[in-house]
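Architecture and fold: a report
Each chain, written out:
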Amino acid sequence: MQPIHIIGGGLAGSEAAWQVASRGVGVVLHEMRPARMTAAHKTGGLAELVCSNSFRSDDCEQNAVGVLHEEMRRLDSLVMRAADANQVPAGGALAVDRDGFSQAVTAALASHPLIEIRHGEIAALPPPEWDSVIVATGPLTSPALAGAIRAVTGEDALAFFDAIAPIVYRNSIDMSVAWFQSRYDNAGPGGTGADYINCPLDRTQYDAFLDALLAADKASFHDWEASTPYFDGCLPIEVMAARGHETLRYGPMKPVGLTNPHSPDVKAHAIVQLRQDNRLGTLFNMVGFQTKLKHSEQARVFRMIPGLADAEFARLGGLHRNTFLNSPRLLDGLLRLKAMPRLRFAGQITGCEGYVESAAIGLLAGRFAAAERRGEQPSVPPPGTAHGALIAHITGGHVETIDAGPRSFQPMNVNFGLFPPIATSPGRGADGGRLRGTAKAMAKRRALTSRALADLDAWRGAAIVAETQGAPLVPAAETSPLPEPHPR
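Attention in this report is confined to the structure presented alongside it. As the structure is a prediction and not an experimental result, all values here were calculated from the model.

**A closer look at the overall build of the protein**
- From N to C terminus, the protein includes 13 helices and 17 strands.
- Considering the protein as a whole, with its 488 residues, one finds that 55% of them fall into the buried category.
- Partitioning the contacts of the protein with sequence separation of at least 6, the portion at a separation of at least 24 is 72%.
- Of the accessible surface of the protein, which amounts to about 19700 Å², a share of 54% is contributed by carbon and sulfur atoms.

This is how it looks when you write it as structure tokens:
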């Protein structure tokens, strides 16, 4: 069989290479470092962690990223094996020795008989004879390759920064204060005229919010992000506020065209709008609230907004240097570029956020590509799994903006808001008593995680049956020099 070419040796590319080779298919893994370095990387090692050394929560009962960890372990993830083998103390989080982690991944891939590692930049679209390619170049894709991708996908299809507004869980918004309505009841394309949740502020509340916003601590850019420009279409909320006391009231917090049904005779001084962010209707985006505030400050300040006092955030805001596609429009359900299906994308460039999420999409891309090469029909994991929820967000779970603003698809971490709701929410505990508050929320998360792992096991079992009918798999134990992971 012809090899599959993988461009990028970060977490997604490394995981994809492992998954492909483990299925008996050859891999050529292209990594431009150390021949050409980025502004963030320090070594030429594969899967180098350039920011935090934390893979976040490892709780597979109450945390969505913990569920993703467990699913990846069950799918023989190289990234998770290396992380477990190089774990350092971090409470309930999975943190790693970054050098040991990168060295373990590099050694495993370099010693695999079906993987060839080539160092050097891919500065243009892959040649036609590379009939199956996974592009996993991450947030720091080289300018030459980014330009080539942009040329084939369109000028508005590739972004070079995130302008992320906070995402709020719908069921944490107080609808006795807020209400549904579009400005001037305008339905817009695909809308109903009641497409936004509106949170009203009077003058005193607005002044207090503005003071807190301007005084809050801001996060700093990383060194390689320092030259990231602000664009008028995505200015951080605090930058807009600093331009004048009334700026927000004439921008994202303008109160015109809206009537509060709870107090129809009272005109709001300012209004914060939230727009549905996913097809499930579980997540709502704070319109125009992209920000560089520190995460703890965002939660404190934004909960001052009436209706959001008890808001739970699926994602907090930020502005980051990041190259990513408008994936819902460009990619099919198997992560292939619709305009050029021999190209498949994986990792952060697809619009996921975080180390583990990037590796998980690399895992799926590798499995999809290997299945095609082996003559099998690739299978997408069920939407109730963490992997399925992520790929659904990337390839079709997002709701496009109904107004004429900039594109609204933005990278996101895995979270329970991406999972389809449980048909019957747990109502009573083991003792028969009615569940309320925190106990009810915990029971709901346990139900989601239990379903996810059961669905994952069923999908994995079906995939194993399909694989055993094709080319022989390469047992991981025969090729991996990794030590056994610490007992968990």
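After presenting the structure, the write-up continues.
**Digging into the packing of aromatic side chains**
- In the structure shown here, the tally under the stated rule is seven aromatic pairs.
- On the numbers, 5.8 Å between centres and 55° between planes, the contact of F55 with Y355 is tilted. Of this pair, F55 sits in strand β3 (residues 54-57) while Y355 sits in helix α10 (residues 355-373), and the two are 300 residues apart along the sequence.
- Centre to centre, the rings of F180 and F284 are 6.0 Å apart; their planes meet at 70°, and the pair counts as edge-to-face. With F180 in strand β10 (residues 179-180) and F284 in strand β13 (residues 283-286), this residue pair connects regions lying 104 residues apart in the sequence.
- With relative accessibility at 36%, the residue F180 sits in the partly exposed group.
- Three or more aromatic residues joined by ring pairs make a cluster, and in this case those are F55, F101 and Y355.

**Some points on the pairing of strand β11 (residues 196-201)**
- With six of six residues buried, β11 lies mostly within the body of the structure.
- Burial along β11 is two-sided: the residues Y196, N198 and P200 and I197, C199 and L201 are all buried.
- Relative to β11, β10 is paired through two bridges, and the arrangement is antiparallel. Paired with W179 across the strands is N198, a residue of β11.
- In this structure, β11 lies alongside strand β12 (residues 270-276), joined through six bridges in antiparallel fashion. Bridge pairing links P200 to I271 in β12.

**Structural notes on the sheet that holds β3**
- If you walk across this open sheet you meet the three strands as β3-β5-β4, and the pairing is antiparallel. The strands lining the two open edges of the sheet, one partner per strand, are β3 and β4 (87-88).
- Here two bridges tie β4 to strand β5 (residues 93-96), and the two strands are oriented antiparallel to one another. The partner of Q87 across the bridge, within β5, is V96.

**Quick look at helix α4 (residues 98-110)**
- Relative to the 18 Å expected for 13 residues at 1.5 Å per residue, α4 spans 18 Å between its end C-alpha atoms, a close match to the ideal helical length.
- For α4, the complete set of buried residues consists of G100, F101, S102, A104, V105, A108 and L109.
- Regarding α4, its N-cap is D97, as a side-chain oxygen of that residue lies 3.1 Å from the backbone nitrogen of D99 further along.

About the thresholds
- In this convention, every chain numbers its residues from 1, walking through the sequence in written order.
- Side-chain atom pairs in this predicted model are given and counted only at pLDDT of 80 or more, local residue features only at pLDDT of at least 70, and totals for whole chains, interfaces and linings cover all residues.
- Excluding hydrogens and water, the side-chain figures rest on all heavy atoms present in the structure.
- Here a strand is any run of E in DSSP of at least two residues, a helix any run of H or I of at least four, and the numbering for each starts at the N terminus.
- For every residue, the accessible area obtained with a 1.4 Å probe (protein chains only) is divided by the maximum for its type, and the residue is called buried under 20%, exposed over 50%, and partly exposed between those limits.
- In this description, contact between two residues means that some pair of their heavy atoms is separated by no more than 4.5 Å.
- Computed with a 1.4 Å probe, the accessible areas rest on the Shrake-Rupley method; for each residue, only the protein chains presented here act as cover.
- Any pair of Phe, Tyr and Trp rings, taking the six-membered ring for Trp, is counted once the centres come within 6.5 Å. Such a pair is stacked with planes under 30 degrees apart, edge-to-face with planes over 60 apart, and tilted for the rest.
- Paired strands, in this sense, are two strands between which DSSP finds at least two bridges.
- Each residue after the first adds 1.5 Å to the expected span of a helix.
- Here a polar contact means two N or O atoms within 3.5 Å. Within protein one must be a hydrogen donor candidate and the other an acceptor candidate, and residues neighboring in sequence count only if both atoms are side-chain atoms.

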